Amino acid sequence: MEIPLRKARVSREDEFVVIDAKGVHYRELNELINELVERGERKLRLLNVNGQRYIADGLRCSDCYIEIHGVAGDDLAAFANGPTIVVYGDVQDGAGNTMNAGRIIVHGNGTDIIGHSMRGGEIFVRGHVGYRVGIHMKEYREQVPVLVVGGTAGDFLGEYMAGGRIVILGLERLETYPEIAGEWLATGIHGGAIYLRDEVDEDKLGYGAKTERLSHSDRRFLSEAVGKFCSCFSLNAEEVLNAEFTKVVPKSHRPFAEMYSDSKEG
Amino acid sequence: MVRNFPPDFVVRVDKEACINCMRCIRECPFGVHEYDKEKKRWKRHHDKCVACLRCAYMCPTQAISIERSPMEYSPHPVWTNRVRKDIKTQAETGAVILTAMGNELPYMSYFDRLVLDACQVTNPSIDPLREPMELRTYIGRKPEKVEIEEEDSSIRLRTKLAPNLKLETPIMFAHMSYGSISIEAHLSMARAAKEVGTYMGTGEGGMHVELYPYADHIITQVASGRFAVHEEYLKRGAAIEIKIGQGAKPGIGGHLPGKKVTEEISRTRMIPEGSDAISPAPHHDIYSIEDLSRLIYALKEATRYKKPVFVKIAAVHNVAPIAVGIIRAGADAVVIDGFRAGTGAAPQVHRDHHGIPIEAAIASVDRRLREEGIRHWGSIIASGGIRSSADVAKAIALGADAVYIGTAALIALGCTVCKKCYTGKCAWGIATQDPELRKRLDPEEGARRAANLLRAWSHELKEILGALGLNSIESLRSNRDRLRGVGLSEPELRVLGVKPAGE
Ligand code: SF4
Ligand code: SF4
């Protein structure tokens, strides 16, 4: 197969097409990825990624496997539909933003708005994540997105959450802020659930959220999701699961039902 | 406590003409007409009547007339009837008052204080029947310069052009979501847009499968709730619009109540049936112009730079610097929605009290983009209260490239502006999902009427251009010298950039 040679150095290693992203503008890098996928390539390895944005955005390809070595820039796999992306490094804001399907496995940390509005697929972050993670996550029929974080999460986790599942394991803690999740947890949540591997103070919860006891199906879900997470990062799932979890859910699926009136119907 | 709340309207029925056919009962979605079979007596619940006029026009003997209620509170210039009714409603419910359609307070209209020029003697006017008249408008980024290559005897454009929308007339159908209006209303506008060579917006409720055949004339929307936003949806439409705000409710989010999220709506929005569809006030991935730029480019990347990306904002006090920021952030057009813009549901307090007139917003955004030398980077699309071809011409003369019409399009489909869209009981089959009510709008007839409206306005626009001695709509854009203000103060004239009449 002919590989378009531009600024990016492209080579082949076994079934992988290897792209050296050093100094390559994101626009060229992403167009190259699109072209390669269009030509039938399914395994890509990106080296020296240093903050290039929008990698795999809108990519429709359920059997694509993209390895990223370095730091993936903002909006990694935004609007993506199917690809599996493994990042050996950190991801910046908006990884998995409004993603429809696919998997993102991050060996480092993630910054803000990871999984914002995602509708399907999985995101596993081994380290910590920043603010506003999983805001307005949703679900639709059999599409139930799952976001698992090995470390901790910042403020506004799962705000306006409308569906899906977030799991925060808190395996490591920050010195500066040892809590498993920040303030305003699940404010305005009206669907889905958040599982935290710790106790959570009720006063941390935002408007519309409450805690609930875990059911059998919750345990089943956790052992499946945490099991998958642990196998990605060579962790012992049994040990991780052997802890108390707190489940945060919406008080109502219609939080604003009583807010409005009509001057006619009085 | 006695509920001293006079009705807005009274239903008068001519007893002699009435043939007791019961048709009015079936026609009124608000339950006004009631017949007691045992006592053989009619009862009209006047307080429920919204003056949609459906029953009056469906009554086979024209026996019904709807009148404004003569019963009112004692007149008072400050404590108007409406003020008193609002207070009583809120005292009863403790809730925010919900309403629909555009701003109802009697703010002055600048369009009505602006007049167009015409040619006399020195520069002849043009007859559009005799000479070609160009309404075609391109929406999107224009190049800094155009480079042409000559090879043998053929000429080729060397400059790579950014994607633009090609409009045969500078009027598009505004974004109104499927969910707030029916699929029949959407289909009517989609067909009309395709037929006339313009575009319609999906609103934030996604694109129903029945619209797919018209997708190349449809602009998809990405709002804060990200409903239906999906890689295929983005790739399917002709352009993408990020909705930051809307003129009817600047600065606040919205929500479609769960009871309106039917099976079909759920499928199109890709959310569970029956759950509230909440659009947060801001996009929570956009807290700055830089963040906005990130979303603009994420959308461009996801569609491989094939679609223009618009950003819609409500016209607010600082609209000019915000619009400049939007264009600098990479948007191909900024959509400005004035404070008269319609809506399917908005808290009355926001609809009536936030935002600024579209006329002032267009003028200041256009001026600011020119001052910064980047007017060609993006187009200006104006919306919110455009009622006629004259408004379109004035909006363009103030600096817009094109306009969106929402309420006017619905009126073409039969809407009587009863302001009850949010109840989902629209008597004319527009703002409803009720299968029985929806039958009242035939999409074919709707398409014909919506297309007719565009044709009529386009025709008038050509006549207006002819009278101005111009032969293309482009020559009218930002041509404020062809406008004069009547009865406007100095600062107002300065903002609009027009001279007073006679000067
Ligand atoms: S609400 Fe409409 S249909 Fe019902 S009585 Fe009034 S005008 Fe007639
Ligand atoms: S769309 Fe229907 S409900 Fe809304 S104002 Fe028009 S006629 Fe009334």
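Residues numbered from 1 in each chain as written. Chains lettered and ligands numbered in written order. Predicted model: local features only at pLDDT ≥ 70, side-chain atom pairs only at ≥ 80, totals over all residues. Heavy atoms only, no water.

A.B. asks: I'm lost on the overall build of chain B in this one. Help?
C.D. replies: Secondary structure summary: chain B contains 15 helices and 23 strands in total. Computed over its C-alpha atoms, the radius of gyration of chain B comes to 24 Å, within 12% of the 23 Å expected for a compact globule of 503 residues. Along the longest, intermediate and shortest principal axes, the C-alpha atoms of chain B span 90 × 55 × 45 Å. Of all 503 residues assigned to chain B, the portion counted as buried reaches 57%. The contacts in chain B between residues at least 6 apart in sequence include a share of 69% that link residues at least 24 apart. (Helix = DSSP H or I, 4+ residues; strand = E, 2+ residues; numbered from the N terminus. Rg over C-alpha atoms; globule rule 2.2 N^0.38 Å. Buried < 20%, exposed > 50% of the residue type's maximum accessible area, 1.4 Å probe, protein only. Contact = heavy atoms within 4.5 Å.)

A.B. asks: How should the interface of chain B and chain A be read in this particular structure?
C.D. replies: Facing the 56 residues of chain B at the interface are 48 residues of chain A. Summed over both sides, the interface of chain B with chain A buries roughly 4,500 Å², with 51% coming from carbon and sulfur. Per-residue buried area on chain B facing chain A is highest for B:His284, B:Arg294 and B:Arg304; these three make up 16% of the total on that side. Viewed at the interface, chain A and chain B are joined by eight salt bridges. Our count for the contact surface shared by chain B and chain A stands at 19 residue pairs in polar contact (both at pLDDT 80 or more). Looking at the side of chain B that touches chain A, the elements that each hand over two or more residues are α3 (81-93), β5 (96-99), α5 (231-236), α6 (263-269) and α7 (289-302) of chain B. Among the elements that make up the side of chain B that touches chain A, the one with the highest residue count is α7(B) (eight residues). Each residue belonging to the side of chain B that touches chain A can be placed in one class, and the counts come to 26 nonpolar, 12 polar and 18 charged. (Buried area = accessible area lost by both parts, 1.4 Å probe. Salt bridge = Lys/Arg side-chain N within 4 Å of Asp/Glu carboxyl O. Polar contact = N/O pair within 3.5 Å; in protein donor to acceptor, adjacent residues only side chain to side chain. Nonpolar A, V, L, I, M, F, W, Y, C, P; charged D, E, K, R; others polar.)

A.B. asks: Sorry if this is basic, but what is going on with empty space enclosed by the protein here?
C.D. replies: Where empty space is left becomes clear once a probe the size of a water molecule has been rolled over the atoms. Residue and element names in this part refer to chain B. By the definition in use, this model includes five cavities of 30 Å³ or more. Of the volumes computed, that of the largest cavity is approximately 100 Å³. Lining the largest cavity are 16 residues, with Cys-18, Cys-21, Cys-24, Cys-59 and Ile-64 positioned closest to its centre. (1 Å grid on protein atoms, 1.4 Å probe; cavity = no way out; pocket = protein on both sides within 12 Å on 5 of 7 lines; lining within 4 Å. Points joined across faces, edges and corners; volume = space filled by probe spheres on them.)

A.B. asks: What is the right way to look at a nonpolar patch on the surface in this model?
C.D. replies: Residues and elements named next belong to chain B. On the surface, a cluster of nonpolar side chains totalling about 490 Å² of accessible area is made up of Val-146, Ile-148, Ile-155, Leu-157 and Leu-161. On the secondary structure map, Ile-155 appears in strand β9 (residues 154-157). Since its relative accessible area comes to 59%, Ile-155 is described here as exposed. (Patch = residues over 30% accessible without salt bridge, like charges linked within 9 Å, V, L, I, M, F, W, Y side chains within 5 Å. Areas by Shrake-Rupley, 256 points an atom, 1.4 Å probe, with all protein chains shown as cover.)

A.B. asks: Before we go on, may I ask you to explain the site of ligand 2 in this structure?
C.D. replies: Every residue close to ligand 2 is listed here: B:Met101, B:Cys415, B:Thr416, B:Val417, B:Cys418, B:Lys419, B:Lys420, B:Cys421, B:Cys426, B:Trp428 and B:Ala431. Counted by class, the shell around ligand 2 contains eight nonpolar, one polar and two charged residues. (Near = heavy atom within 4 Å.)

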